[in-house]
Amino acid sequence: AGPLPKIRVPSDGPGRIPLPAGRGVPRNIRPGGPPGDPLTAQSRGGGEIVSGDSPELILVGSSTGGPAALTRLLGRIGRRLPVPMLIVQHMPPVFTASLAAQLARTSGLDVKEAQDGQWVGSGEVVIAQGGRHMTVISEGKKLKVVLNDGPKVNECRPAVDVLFMSASVSFQGRILAVILTGMGRDGANGVDALKRSGHTYCITQDKTTCVVYGMPRSVDEKGLSDLSLPLDEIGPKIAGFFGQGDR
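Residues numbered from 1 in each chain as written. Predicted model: local features only at pLDDT ≥ 70, side-chain atom pairs only at ≥ 80, totals over all residues. Heavy atoms only, no water.

Peer 1: Account for helix H2 (residues 66–77), naming residues and giving values.
Peer 2: Between its first and last C-alpha atoms H2 spans 16 Å; for 12 residues at 1.5 Å apiece the expected length is 16 Å, and the two agree. Looking only at H2, the buried set comprises Gly-66, Ala-69, Leu-70, Leu-73, Leu-74 and Ile-77. End-on view of H2: buried residues confined to an arc of 120°, all on one side of the axis. One or two positions beyond H2, positive phi appears at Gly-78, with a value near 90°. (Helix = DSSP H or I, 4+ residues; strand = E, 2+ residues; numbered from the N terminus. Expected span 1.5 Å × (residues − 1). Buried < 20%, exposed > 50% of the residue type's maximum accessible area, 1.4 Å probe, protein only. Arc of directions from axis to C-beta.)

Peer 1: Got a sec to walk through the sheet that holds strand E2 (residues 85–89)? Specific residues and values, please.
Peer 2: Within the open sheet, the seven strands sit side by side as E3-E5-E2-E1-E8-E9-E10. Their pairing is parallel. Of all the strands in the sheet, the pair left with one neighbour each is strand E3 (110–113) and strand E10 (227–229). Within the sheet, the average angular offset between the axes of one strand and its neighbour, ignoring direction, is 20°. Pairing of strand E9 (residues 200–205) with E10 involves three bridges; the strand directions are parallel. Bridge pairing in E10 places Thr-204 opposite Ser-228. Of the strands in this sheet, strand E1 (57–62), E2, E3, strand E5 (124–127) and E9 are in contact with H2, which crosses E2 at around 160°. (Pairing = 2+ DSSP bridges. Axes fitted to C-alpha atoms, helices over the stretch in contact; angles between N-to-C directions. Contact = heavy atoms within 4.5 Å.)

Peer 1: Please provide a residue-by-residue account of the sheet that holds strand E6 (residues 133–139), values included.
Peer 2: Pairing is antiparallel across the open sheet formed by three strands, whose spatial order is E4-E7-E6. Looking along the sheet, the strands with just one partner apiece sit at the ends: strand E4 (119–120) and E6. Here E4 runs beside strand E7 (residues 142–148); their pairing, made up of two bridges, is antiparallel. Directly across from Val-120, in E7, lies its bridge partner Leu-143.

Peer 1: An account of the packing of H2 against helix H7 (residues 231–240) is needed here, citing residue identities and associated values.
Peer 2: Relative orientation and spacing of two packed helices are given, respectively, by the angle between their axes and the distance between those axes. H7 packs onto H2 with a crossing angle of 40° between their chain directions and a minimal axis gap of 7 Å. You can see that H2 and H7 cross each other, and the crossing is right-handed. Along the contact surface, H2 presents Ala-69, Arg-72, Leu-73, Arg-76 and Ile-77, while H7 presents Leu-231, Asp-232, Ile-234, Gly-235, Pro-236, Ile-238 and Ala-239. The residue inventory of the contact of H2 with H7, partitioned by class, reads eight nonpolar, one polar and three charged. (Left-handed = near helix turned anticlockwise from the far one by under 90°. Nonpolar A, V, L, I, M, F, W, Y, C, P; charged D, E, K, R; others polar.)

Peer 1: Account for the confidence of the model for the protein chain, with residues named and values stated.
Peer 2: Looking at the protein chain as a whole, its pLDDT mean stands at 83, while 77% of the residues score no less than 70. Within the model, pLDDT remains below 50 along residues 6–51, and this stretch shows 107 contacts once partners closer than five positions in the same chain are excluded. (pLDDT = per-residue confidence, 0-100.)

Structure below.
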């Protein structure tokens, strides 16, 4: 399996960004920290690698421009992956079922809209239902999706932060977090929580290929991105962690 680089995250004390309110956000996570310099593939030079191995779970967040970005991302992965992928795309109710069907057709992957209580297995790609938060519960090596109708977080439901923070509490394995084009800051606190609680590597979509460089920028400026890539390079990079494509 391809190596998953890990970047050492400094401990900087208590979080400085308030925890988003609402059900679905674990209360024992206090994300945040001082902003850092944007990290790019060019400026970081690979970073400080402290551990390896492939990710065991992939988490993706996107908003404005996301459906087209997800189409290109999944299409360029090229094959079924040996781990689950969970996606939060900011969308109202109803539309995410159509999006999942479209992505399944164009990518050839097993893409489905999330259902409350469903178990998620290797190779499955699950998109949060529009209008509902998606969280994940880990029971051993099994993952179960739990949906809720809690208050909006970052003015969004579903929210990327809600999924990422739930994974930071419940999943103990290696995680690859991907933040794609989108308006606002949703995802930054979630990536922060993942970095503090476990083994997480983060890829952000670069400014030049974003429709709106908001969500990736918020992660970059907090110093949480390990690699900033053009959209068309992210899929091959993900595949490369599993022995196919770029590494």
